[in-house]
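As a plain string of letters, each chain reads:
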Amino acid sequence: MSLIPTEHIGSIPRPTELITAYQKQQSGEISEEALEALATQASIETIKKMEETGSYCVGDGEQRKFSGFASYCLHGASNFAPDGAEILFSDGHSRLLPRLTKGPFKYQMTADMFLEDAMKHTKHPIKQAVISPSLLSLLYPNTPIPEYSRNQFLEDVIRQHHQELARCLELGAHKVQIDFTEGRLSLKLDPSGELLTGMVDLINSGLESFTDAQRQKIGLHTCPGADRDATHSADVDYKELLPTLFRVNVGNFYVAMASEKDPEKVLLQIKSLIKPGVRVFIGVIDPIDPVIETPEQVCERVLKAAEYIPLDNLGTTDDCGFSPFADDDSTSRDIAFAKIKARVEGTRMAEEILVARK
């Protein structure tokens, strides 16, 4: 294990044929089996490409999260409508979350299924991302569902989220990362912070029975969104988010930083919040910037972060996944892998410099 670990966030852009196949499967033009075959092929290719970047831990790039990071667990569900909560992005486009139409809420696919399959195709450690219970909480409509209360729904969400986390750990995941992109967005929707506090409480509810050792393998990812080269909450100041975010009982935080206008201000705040035994993976790659960072640029960002965060608490990552929503092809696969390679090489360069300074 390196002195400064470096890990990806999750998604890699899907091949065009996989995006097309999902659309055809949704319209009944091809079978689920045909879609799965293409997704498996894309997953294997992604894992191999990830290995070629020099990454210590790898993943399948979420090729089988057919509708994206947020609603993979609903694939094939029949009790949802497409007109749920709307997420607005900085370029004017929006995404709609599904809306639950009747109970009970039940995962149709789980992240441990993806992990188990990925483990067949590599000997590298594998990181697995899962969706947060706080985002899933947004699927319940404003109008109560008859005979299925919001409290019942949240109990079902927390139970299944916890089970998903536990199964990933039991399978031997290197890390299990909870995607919490809605954290920063929540402050845009509710500047009072009450929504954010409720979301963090939900996440902690799902973590209650895990041991300290297990929490060292669980992390939380925060970012301002990354879809079609746009964000949903980059205008929200981290100073409003991080104190509450760092209350989550995990051993790892993945914090988007490469795209921040004043990263040193954020690093100073993180320095004041970080707890013993917690590692903060600082974003050193901007996934929505088409320009590929050089290893030297990454190295400089790592050295700056090391001025504020002790090496025992420091890691590096990408700001976000490269294609959180499955149909986003604004970034090519080649660019994504080139950026990951630059992160790996730049982190190693910085590590050598920091070791030499000791």
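So, a few notes on the structure that sits alongside this text. (Residues numbered from 1 in each chain as written. Predicted model: local features only at pLDDT ≥ 70, side-chain atom pairs only at ≥ 80, totals over all residues. Heavy atoms only, no water.)

Things to note about the overall build of the chain
Step number 1: A count of helical and extended segments in the chain gives twelve helices and ten strands.
Step number 2: On C-alpha atoms alone, the chain measures out to a radius of gyration of 19 Å, which is about the 21 Å that the 2.2 N^0.38 rule sets for 358 residues.
Step number 3: Projected onto the principal axes, the alpha-carbon positions of the chain cover approximately 65 × 45 × 40 Å.
Step number 4: Contacts in the chain between residues far apart in sequence, at least 24 positions, make up 79% of those at least 6 positions apart.
Step number 5: Total accessible area on the chain is roughly 15,000 Å²; 51% of this is exposed by carbon and sulfur atoms. (Helix = DSSP H or I, 4+ residues; strand = E, 2+ residues; numbered from the N terminus. Rg over C-alpha atoms; globule rule 2.2 N^0.38 Å. Contact = heavy atoms within 4.5 Å. Areas by Shrake-Rupley, 256 points an atom, 1.4 Å probe, with all protein chains shown as cover.)

As for empty space enclosed by the protein
Step number 1: Enumeration over the complete set of coordinates arrives at three cavities of 30 Å³ or more.
Step number 2: Its volume calculated, the largest cavity comes out at about 150 Å³.
Step number 3: As for the largest cavity, its lining consists of 19 residues, of which Phe69, Thr181, His221, Cys320 and Pro324 are closest to the centre.
Step number 4: Grouping the amino acids of the lining of the largest cavity by side-chain chemistry returns ten nonpolar, seven polar and two charged. (1 Å grid on protein atoms, 1.4 Å probe; cavity = no way out; pocket = protein on both sides within 12 Å on 5 of 7 lines; lining within 4 Å. Points joined across faces, edges and corners; volume = space filled by probe spheres on them. Nonpolar A, V, L, I, M, F, W, Y, C, P; charged D, E, K, R; others polar.)

A look at the pairing of strand 8 (residues 252-255)
Every other side chain in a regular strand lies on the same face of the sheet, so the side chains alternate between the two faces.
Step number 1: The alternating pattern of strand 8 places Asn252 and Tyr254 on one face and Phe253 and Val255 on the opposite face, and all of these are buried.
Step number 2: With respect to chirality, the unit in which strand 7 (residues 218-222) leads through helix 9 (residues 238-245) into the neighbouring parallel strand 8 is right-handed.
Step number 3: Strand direction decides the pairing type here: strand 8 and strand 9 (residues 279-285), joined by four bridges, are parallel. In the sheet register, Tyr254 faces strand 9, and the bridge partner there is Phe281.
Step number 4: Where the polypeptide runs from strand 8 across helix 10 (residues 263-273) and back to strand 9, its parallel neighbour, the crossover connection is right-handed. (Buried < 20%, exposed > 50% of the residue type's maximum accessible area, 1.4 Å probe, protein only. Right-handed = clockwise from strand over helix to strand, strands pointing away. Pairing = 2+ DSSP bridges.)

Section: the environment of Asp289
Step number 1: Topologically, Asp289 is positioned in the loop between strand 9 and helix 11 (295-306).
Step number 2: The class for Asp289 is partly exposed, based on a relative accessible area of 29%.
Step number 3: Each C-alpha atom of the pair Asp289 and Glu182 lies 21 Å from the other, and the pair is 107 residues apart in sequence.
Step number 4: Reaching out from Asp289, the side chain makes a polar contact with the backbone nitrogen of Val291 at a distance of 2.9 Å. (Polar contact = N/O pair within 3.5 Å; in protein donor to acceptor, adjacent residues only side chain to side chain.)

Structural notes on the layout of surface pockets
Step number 1: In this structure, the largest pocket encloses a volume near 680 Å³.
Step number 2: Taken together, 27 residues make up the lining of the largest pocket; nearest its centre are Tyr22, Gln26, Ser67, Ser71 and Pro98.
Step number 3: Secondary-structure elements contributing two or more residues to the lining of the largest pocket are helix 1 (16-26), strand 1 (80-81) and strand 3 (94-96).
Step number 4: For the lining of the largest pocket, the element with the most residues is helix 1, which contributes five residues.
Step number 5: Grouping the constituent residues of the lining of the largest pocket by class yields 16 nonpolar, eight polar and three charged.

Quick notes on the nonpolar core
Step number 1: Within the largest apolar cluster, 105 residues are counted, with the highest numbers of intra-cluster contacts made by Phe105 and Ile270.
Step number 2: By residue number, the principal contributor to this core is helix 5 (residues 150-171), which donates eight residues.
Step number 3: Sequence-distant contacts of Ile270, defined by excluding residues within four places in its chain, comprise Leu242, Phe246, Val255, Met257, Val280, Ile282 and Ile309. (Core = buried A, V, L, I, M, F, W, Y, C linked by side-chain atoms within 4.5 Å.)

Notes on unusual backbone geometry
Step number 1: A cis amide bond links Gly103 to the next residue, Pro104, at an omega of 0°.
Step number 2: For Arg228, which is not a glycine, the phi torsion comes out positive at approximately 50°.
Step number 3: With respect to the helices, strands and loops of the structure, Arg228 is situated in the loop between strand 7 and helix 9.

Considerations on the sheet that holds strand 6 (residues 175-179)
Step number 1: Read from one edge to the other, the open sheet built from six strands follows the order 5-6-7-8-9-10, with strand pairing classed as parallel. Since the sheet does not close on itself, it has two edges, and those belong to strand 5 (127-131) and strand 10 (314-318), each with one partner. Averaged over neighbouring strand pairs, the angle between their axes works out to 30° when direction is ignored.
Step number 2: Contacts between helix 5 and the sheet are confined to strand 5, strand 6 and strand 7, with strand 5 contributing the most and set at about 175° to the helix.
Step number 3: Where helix 12 (residues 333-357) meets the sheet, it contacts strand 9 and strand 10, and its direction lies at approximately 165° from that of strand 10. (Axes fitted to C-alpha atoms, helices over the stretch in contact; angles between N-to-C directions.)

What about the environment of Cys168?
Step number 1: Tracing the backbone through its elements, the reader meets Cys168 in helix 5.
Step number 2: Relative accessible area serves as the criterion here: at 0%, Cys168 is assigned to the buried category.
Step number 3: A C-alpha to C-alpha distance of 24 Å links Cys168 and Leu35, two positions 133 residues apart in sequence.
Step number 4: Setting aside residues up to four positions removed in sequence, Cys168 forms contacts with Ala111, Asp112, Leu115, Gln128, Val130, Ala173 and Val176.

Section: the pattern of salt bridges
Step number 1: Using the criterion set out here, one finds 25 salt bridges in the structure.
Step number 2: For the salt bridge of Lys175 with Glu7, the shortest nitrogen-to-oxygen distance reads 2.7 Å. Of this pair, Lys175 sits in strand 6 while Glu7 sits in the segment before helix 1, and the two are 168 residues apart along the sequence.
Step number 3: The exposure class of Lys175 is buried, given its relative accessible area of 10%.
Step number 4: We classify Glu7 as buried; its relative accessible area is 1%.
Step number 5: Residue Asp201 pairs with Arg247 through a salt bridge whose shortest N-O separation is 3.0 Å. Residue Asp201 is located in helix 7 (residues 194-207), and its partner Arg247 is located in the loop between helix 9 and strand 8; the two are separated by 46 residues in the primary sequence.
Step number 6: With a relative accessible area of 36%, Asp201 lands in the partly exposed category.
Step number 7: For Arg247, a relative accessible area of 35% gives the class partly exposed.
Step number 8: When salt bridges that share partners are traced, they join Glu36, Arg64, Asp117 and Lys120 into one network. (Salt bridge = Lys/Arg side-chain N within 4 Å of Asp/Glu carboxyl O.)

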